[in-house]
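Single-letter residue listing:
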Amino acid sequence: MTPNERPLDEEHDLPSVEAVLAGTLALMTGYAQALQADLHPEQRLLMGAKIGRNLELLAGHLGVSEPFQRIALGLRARWQAMSACTAQSAPCACIAQAPAQLH
């Protein structure tokens, strides 16, 4: 195997759309773990907002199919709704940040 044929083992080695997808999946895992660890709602709001932005990037990427784009947009809407629920159940400081974080 030549140096140019080495296996991809780092996120920075992935094509851009795959790197965004890998990062989004990692964030989703972190969000789920944050729920189990009862992490502060502010952290979940930040992670949820980033997940939503990543899903929007994936939906608009030219390298993905139209069905994938529709799925990504549907998931983005669900993450926005979940973030809104998190903001509503959060302390006042968290709610004050929510509108800026959801867009």
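Above this text you will find the structure in question.
Calculation rules
- Residues numbered from 1 in each chain as written.
- Predicted model: local features only at pLDDT ≥ 70, side-chain atom pairs only at ≥ 80, totals over all residues.
- Heavy atoms only, no water.
- Helix = DSSP H or I, 4+ residues; strand = E, 2+ residues; numbered from the N terminus.
- Buried < 20%, exposed > 50% of the residue type's maximum accessible area, 1.4 Å probe, protein only.
- Contact = heavy atoms within 4.5 Å.
- Areas by Shrake-Rupley, 256 points an atom, 1.4 Å probe, with all protein chains shown as cover.
- Axes fitted to C-alpha atoms, helices over the stretch in contact; angles between N-to-C directions.
- Parallel < 35°, antiparallel > 145°, perpendicular 65-115°, else oblique.
- Left-handed = near helix turned anticlockwise from the far one by under 90°.
- Nonpolar A, V, L, I, M, F, W, Y, C, P; charged D, E, K, R; others polar.
- Salt bridge = Lys/Arg side-chain N within 4 Å of Asp/Glu carboxyl O.

Asks: Help me understand the overall build of the protein chain, please; the structure alone is not making it clear to me.
Replies: Looking only at helices and strands, the protein chain features 4 helices and 0 strands. Put simply, the protein chain has 103 residues, and 27% of those count as buried. A sequence separation of at least 24 residues applies to 53% of the contacts in the protein chain between residues at least 6 apart. As displayed, the protein chain offers around 6,800 Å² of accessible surface, 61% of which is attributable to carbon and sulfur atoms.

Asks: Even after reading the chapter, I still don't get the packing of helix 1 (residues 16-36) against helix 2 (residues 41-60), so can you show me in this structure?
Replies: Helix-helix packing is characterised by the crossing angle of the two axes and by the distance between the axes. Where helix 1 contacts helix 2, the axes come no closer than 9 Å and their chain directions differ by 155°. Between helix 1 and helix 2, the angle falls in the class roughly antiparallel. The chirality of how helix 1 crosses helix 2 is left-handed. Between helix 1 and helix 2, the residues in contact are Val 17, Val 20, Leu 21, Gly 23, Thr 24, Leu 27, Met 28, Gly 30, Tyr 31, Ala 34 and Leu 35 and Arg 44, Met 47, Gly 48, Lys 50, Ile 51, Asn 54, Leu 55, Leu 57 and Leu 58, respectively. For the contact of helix 1 with helix 2, a count of residues per class yields 13 nonpolar, 5 polar and 2 charged.

Asks: Which parts of the structure should I look at to understand the pattern of salt bridges?
Replies: Scanning the entire structure with this criterion turns up 2 salt bridges. A salt bridge links Arg 76 to Glu 56; its shortest N-O distance comes to 3.4 Å. In this pair, Arg 76 is assigned in helix 3 (residues 66-89) and Glu 56 in helix 2, connecting sequence segments 20 residues apart. The exposure class assigned to Glu 56 is partly exposed, which follows from its relative accessible area of 43%. Close ionic contact of Glu 66 with Arg 70 constitutes a salt bridge, the shortest N to O distance being 3.1 Å. Residue Glu 66 and its partner Arg 70 are located together in helix 3, separated by 4 residues, close to a single helical turn. As far as burial versus exposure is concerned, Glu 66 and Arg 70 are alike and both exposed.

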